[in-house]
Amino acid sequence: MAIRIGDDAPDFTATTTEGTIHFHEWVGDKWAILFSHPKDFTPVCTTELGYMARLKPEFDKRNTKIIGLSADPVTDHERWLGDIKETQGYAVNYPLIGDPDLSIAKLYDMIHPNATGGKRTAAENATVRSVFVIGPDKKVKAMIVYPMSTGRNFDEVLRLLDSVQLTARHAVATPVNWKPGQDVIIPASVSDEDAKKKYPQGFKTHKPYLRTVRQPQ
């Protein structure tokens, strides 16, 4: 089953490094970032897991939980965590899901449905480097997939989360390379008349279809 933006994030029960979780219950009324890894003791993923531990306070500020997944058993995860702390300088401070049978990877359309939990090719593993942004309503708000050779930019995931949360609160869109505090776009679905009511301080019309305004709080 393909996962698309706007779909319900599939629910599941899984064993993690912090015990068994029921995913939707674990998310609760918060936002969540689910990011996946094809295998334990891999170099790129080791750097990513450490960096996410470093960034966790930033996600906490945004009412967002983070959770990793690796297609290996939790017993392997527990041995890997020591390497991550030693090499990256940060101990993993969020749950890491064990998915040795690939059931969650398949549920989230991260791997070929016929893949098995045994030996897999690099091509089969490639898409198990996905990032899902999930809202409190348990719907998928955004997705990113990276190749195995490229470490993910989790600063960009944080920026993406800021945009998605802002646009969930206000009828705005964010322009290219937007960062918090910068001007935002008034969608074409909002008429000039409604925009004047909503933004009495004024807005800038670059083209009839491109209007910008100071970021609402």
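Residues numbered from 1 in each chain as written. Predicted model: local features only at pLDDT ≥ 70, side-chain atom pairs only at ≥ 80, totals over all residues. Heavy atoms only, no water.

## Topic: the pattern of salt bridges
Here comes step 1: Per the counting criterion, the structure on display carries 12 salt bridges.
Here comes step 2: In this structure, the salt-bridge partner of Asp76 is Arg79, at a minimum N-O distance of 3.0 Å. With Asp76 and Arg79 both in helix H3 (residues 74-88) and 3 residues apart, this pair spans about one turn of that helix.
Here comes step 3: With relative accessibility at 51%, the residue Arg79 sits in the exposed group.
Here comes step 4: The network of salt bridges with common partners includes Glu58, Lys61, Arg62 and Asp162. (Salt bridge = Lys/Arg side-chain N within 4 Å of Asp/Glu carboxyl O. Helix = DSSP H or I, 4+ residues; strand = E, 2+ residues; numbered from the N terminus. Buried < 20%, exposed > 50% of the residue type's maximum accessible area, 1.4 Å probe, protein only.)

## So, the packing of helix H2 (residues 43-61) against helix H6 (residues 154-169)
Here comes step 1: Following both chains from N to C, one finds H2 and H6 inclined at 30°, their axes separated by 10 Å at the closest point. Taken together, the axis directions place H2 and H6 in an arrangement best described as roughly parallel. By crossing handedness, the relation of H2 to H6 is classed as right-handed. Contacts between H2 and H6 involve Glu48, Tyr51, Met52, Leu55, Glu58 and Phe59 on the former and, on the latter, Phe154, Asp155, Val157, Leu158 and Leu161. (Axes fitted to C-alpha atoms, helices over the stretch in contact; angles between N-to-C directions. Parallel < 35°, antiparallel > 145°, perpendicular 65-115°, else oblique. Left-handed = near helix turned anticlockwise from the far one by under 90°. Contact = heavy atoms within 4.5 Å.)

## Looking at the packing of H2 against H3
Here comes step 1: Put simply, H2 and H3 touch, their axes get as near as 9 Å, and they point 75° apart. With respect to their mutual orientation, H2 and H3 come out roughly perpendicular. Touching Cys45, Thr46, Thr47, Leu49 and Gly50 of H2 are Trp80, Ile84, Thr87 and Gln88, all from H3.
Here comes step 2: Residues that form the contact of H2 with H3 fall into these classes: 4 nonpolar, 5 polar and no charged. (Nonpolar A, V, L, I, M, F, W, Y, C, P; charged D, E, K, R; others polar.)

## Focus: the sheet that holds strand S9 (residues 204-207)
Here comes step 1: In space, the 3 strands of this open sheet follow the order S8-S10-S9, with antiparallel pairing throughout. Either end of the sheet is taken by a strand with one partner, and the two such strands are strand S8 (184-186) and S9. For this sheet the average axis-to-axis angle between neighbouring strands, irrespective of direction, equals 40°.
Here comes step 2: Across 3 bridges, S9 lies against strand S10 (residues 210-213) in antiparallel orientation. (Pairing = 2+ DSSP bridges.)

## Overview of the side chain of Glu48
Here comes step 1: Take Glu48: it is sitting in helix H2.
Here comes step 2: Assessed through its relative accessible area of 2%, Glu48 is described here as buried.
Here comes step 3: If sequence neighbours within four positions are ignored, Glu48 has contacts with His37, Arg129, Thr150, Gly151, Arg152 and Phe154.

## A word on the pairing of strand S2 (residues 19-22)
Here comes step 1: As paired elements, strand S1 (residues 13-16) and S2 share 4 bridges and run antiparallel to each other. Bridge assignment links Ala14 to a residue of S2, and that residue is Ile21.
Here comes step 2: The antiparallel pairing of S1 with S2 creates a hairpin that spans 2 residues between the two strands.

## A look at the side chain of Thr16
Here comes step 1: Mapped onto the fold, Thr16 is located in strand S1.
Here comes step 2: For Thr16, the side chain forms a polar contact with the main-chain nitrogen of Glu18, separated by 2.9 Å.
Here comes step 3: One polar contact links the side chain of Thr16 to the main-chain carbonyl oxygen of Gly19, over a distance of 2.7 Å.
Here comes step 4: Excluding residues that lie within four positions of it along the chain, Thr16 makes contacts with Ile21, Val74, Pro95, Leu96 and Ile97. (Polar contact = N/O pair within 3.5 Å; in protein donor to acceptor, adjacent residues only side chain to side chain.)

## Here we look at the environment of His77
Here comes step 1: By the secondary structure assignment, His77 is in helix H3.
Here comes step 2: Residues His77 and Lys30, spaced 47 residues apart in sequence, show a C-alpha to C-alpha distance of 25 Å.
Here comes step 3: Here the side chain of His77 touches Asp40 through a polar contact of 2.6 Å, side chain to side chain.

## Re unusual backbone geometry
Here comes step 1: A positive phi angle, near 55°, is found at Phe41, a position not held by glycine.
Here comes step 2: Here Phe41 lies in the loop between strand S3 (31-37) and H2.
Here comes step 3: Take Phe41: its relative accessible area is 37%, and that puts it in the partly exposed class.
Here comes step 4: Positive phi outside glycine occurs at Asp109, with the angle close to 55°.
Here comes step 5: Along the chain, Asp109 falls in the loop between helix H4 (103-107) and helix H5 (122-125).

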